[in-house]
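Chain residues, written in single-letter form:
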Amino acid sequence: MEEAKEQQPMQSQQDSQKQKEYEKYVKEVTPTHNLWLQMLKAFITGGIICCIGQFILNYAGGLGLDKQTAGSWCSLILVLLSVILTGFGIYPKIVKWGGAGALVPITGFANSVAAPAIEYKAEGQVFGIGSKIFTIAGPVILYGIFASWLLGLGYWVGKCFGVW
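Along each chain, residue indices are assigned from 1 in the same order as the chain's sequence is written. In view of the model being predicted, local features appear only for residues whose pLDDT reaches at least 70, and side-chain atom pairs are presented and counted only at 80 or more, with totals across whole chains, interfaces and linings using the full set of residues. For side-chain calculations, the full set of non-hydrogen atoms in the structure is used, while hydrogens and water are omitted.

### Description of the side chain of T107
Line of reasoning, step 1. Counting from the N terminus, the helices are the DSSP runs of H or I reaching at least four residues and the strands are the DSSP runs of E reaching at least two. With respect to the helices, strands and loops of the structure, T107 is situated in helix α6 (residues 106–119).
Line of reasoning, step 2. Residue contacts are counted whenever heavy atoms from the two residues lie within 4.5 Å of one another. Once residues lying within four places of it in the same chain are set aside, the contact partners of T107 are I49, L78, S82, Y91 and A102.

Here you go:
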C-alpha cells in the first residue's frame, strides 16, 4: 500500500515534466506572426495588383476604348495573368508573402479556380478537373449568386410596392 502512495507523487512529477517539455516543444514549433508586418505586406501586394490594373485601364483608354470596354479588358488580363502565374507556381508564392493582398482581388479568385484544376489534372477531366475545379471558388460563386438573387428579389418587391 505504501509503495502505491510513493509512486503517485513520482508519476505526478513525471507527468508534470512531460507537460513542460511538450509546452516547450509547442512554443518552439509554433510560428510567430507580426500582425503589422502582415498588414504591410498585404497592403503592398494588393497595391501592386491595383497599380497593374490601373496601368491596364489607362493603356486601354489611351488606345481609344471606352471605360466599360477598358474595364472588361483589364479584368480579363488580370485573370489571365493570375492563371498563368498559378500554372508556373509563382502566384502561390505571391500569396504566401502577401496574404490577403493577393487573395482578395479578382486575381485571387482566378487563382482559387486554377489551382485545384492544375492540382487534380492527373485524375482526369471528369473526376479530376471537373469535380475539383470549384472546391475553393464554388462556395463563393454559390453564395454570391444566392445573395444577388435575394437582393434582386428585394428590389423587385420594392419596385412593386413603390419603394424604389
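Moving on from the model shown.
### Here we look at the nonpolar core
Line of reasoning, step 1. By nonpolar core is meant a set of buried Ala, Val, Leu, Ile, Met, Phe, Trp, Tyr and Cys residues that side-chain atoms within 4.5 Å join together. Here the term buried applies to any residue with accessible area under 20% of the maximum for its type, exposed to any over 50%, and partly exposed to those in between, with areas from a 1.4 Å probe on protein chains only. Counting 5 residues, the largest nonpolar core is built from V113, A117, I129, I133 and A137.
Line of reasoning, step 2. With residues up to four places along the chain from it excluded, the contact list for I129 reads A117, Y120, K121 and G124.

### Digging into the environment of I129
Line of reasoning, step 1. Relative to the assigned elements, I129 resides in helix α7 (residues 125–132).
Line of reasoning, step 2. Considered as a pair, I129 and G64 are 65 residues apart in the sequence and their alpha carbons are 39 Å apart.

### What about the packing of helix α3 (residues 67–87) against helix α4 (residues 91–98)?
Line of reasoning, step 1. Helix axes use the C-alpha atoms of the stretch in contact, all axes being lines fitted to C-alpha atoms, and the angles between their N-to-C directions lie in the range 0 to 180 degrees. Where α3 meets α4, the axes come as close as 6 Å, and the angle between the chain directions of the two elements is 100 degrees. If you check the angle between α3 and α4, you find them roughly perpendicular. Contact with α3, carried on its side by S82, L85 and T86, involves Y91, P92 and I94 of α4 and no other residues of that element.
Line of reasoning, step 2. Each residue is assigned to one of three groups, with Ala, Val, Leu, Ile, Met, Phe, Trp, Tyr, Cys and Pro labelled nonpolar, Asp, Glu, Lys and Arg labelled charged, and all others, Gly among them, labelled polar. A per-class count over the contact of α3 with α4 returns 4 nonpolar, 2 polar and no charged. Orientation is classified from the angle alone, with under 35 degrees giving roughly parallel, over 145 giving roughly antiparallel, 65 to 115 giving roughly perpendicular, and any other angle giving oblique.

### Let's talk about the state of the cysteines
Line of reasoning, step 1. Cysteine sulfur atoms that pair up within 2.5 Å are treated as a disulfide. Enumeration according to the criterion identifies 0 disulfides in this entry.
Line of reasoning, step 2. Of all cysteine sulfurs, the one in C51 lies closest to C50, which takes part in no disulfide; the gap is 7.2 Å.
Line of reasoning, step 3. Owing to a relative accessible area of 53%, C50 belongs among the exposed residues under this scheme.

### Some points on the packing of α6 against helix α8 (residues 137–160)
Line of reasoning, step 1. Closest axis-to-axis distance for the α6/α8 pair is 9 Å, and the angle between their directions is 125 degrees. It follows that α6 is oblique to α8 by the angle criterion. Contacts between α6 and α8 involve F109, S112 and V113 from the first element and A137, V140 and I141 from the second.

### Examining α8
Line of reasoning, step 1. With 24 residues, α8 should reach 34 Å at 1.5 Å per residue; the first-to-last C-alpha distance of 34 Å fits that figure.
Line of reasoning, step 2. Regarding α8, the residues found buried are A137, G138 and G158.
Line of reasoning, step 3. Contact partners of the buried residues in α8: α6. A helix is expected to reach a length of 1.5 Å times the quantity of its residues less one.

### A closer look at the packing of aromatic side chains
Line of reasoning, step 1. Planes of paired rings set the category: under 30 degrees apart is stacked, over 60 is edge-to-face and the rest tilted, where pairs are Phe, Tyr or Trp rings (Trp by its six-membered ring) whose centres lie within 6.5 Å. Evaluation of the coordinates by the stated rule reveals 2 aromatic pairs.
Line of reasoning, step 2. Seen in terms of ring centroids, F55 and Y59 are 6.2 Å apart; in terms of plane orientation they differ by 20 degrees. Their pairing is stacked. Here F55 and its partner Y59 are both found in helix α2 (residues 35–62), 4 residues apart, which amounts to about one turn of the helix.
Line of reasoning, step 3. Residue F55 is classed as exposed on the basis of its relative accessible area of 58%.
Line of reasoning, step 4. Taking 6.2 Å as the distance between ring centres and 20 degrees as the angle between the ring planes, the aromatic pair formed by F146 and W149 counts as stacked.

### Here we look at the environment of G162
Line of reasoning, step 1. By the element assignment, G162 lies in the segment after α8.
Line of reasoning, step 2. A relative accessible area of 57% places G162 in the exposed class.
Line of reasoning, step 3. It is 42 Å that separates the C-alpha atoms of G162 and G47, two residues lying 115 residues apart in sequence.

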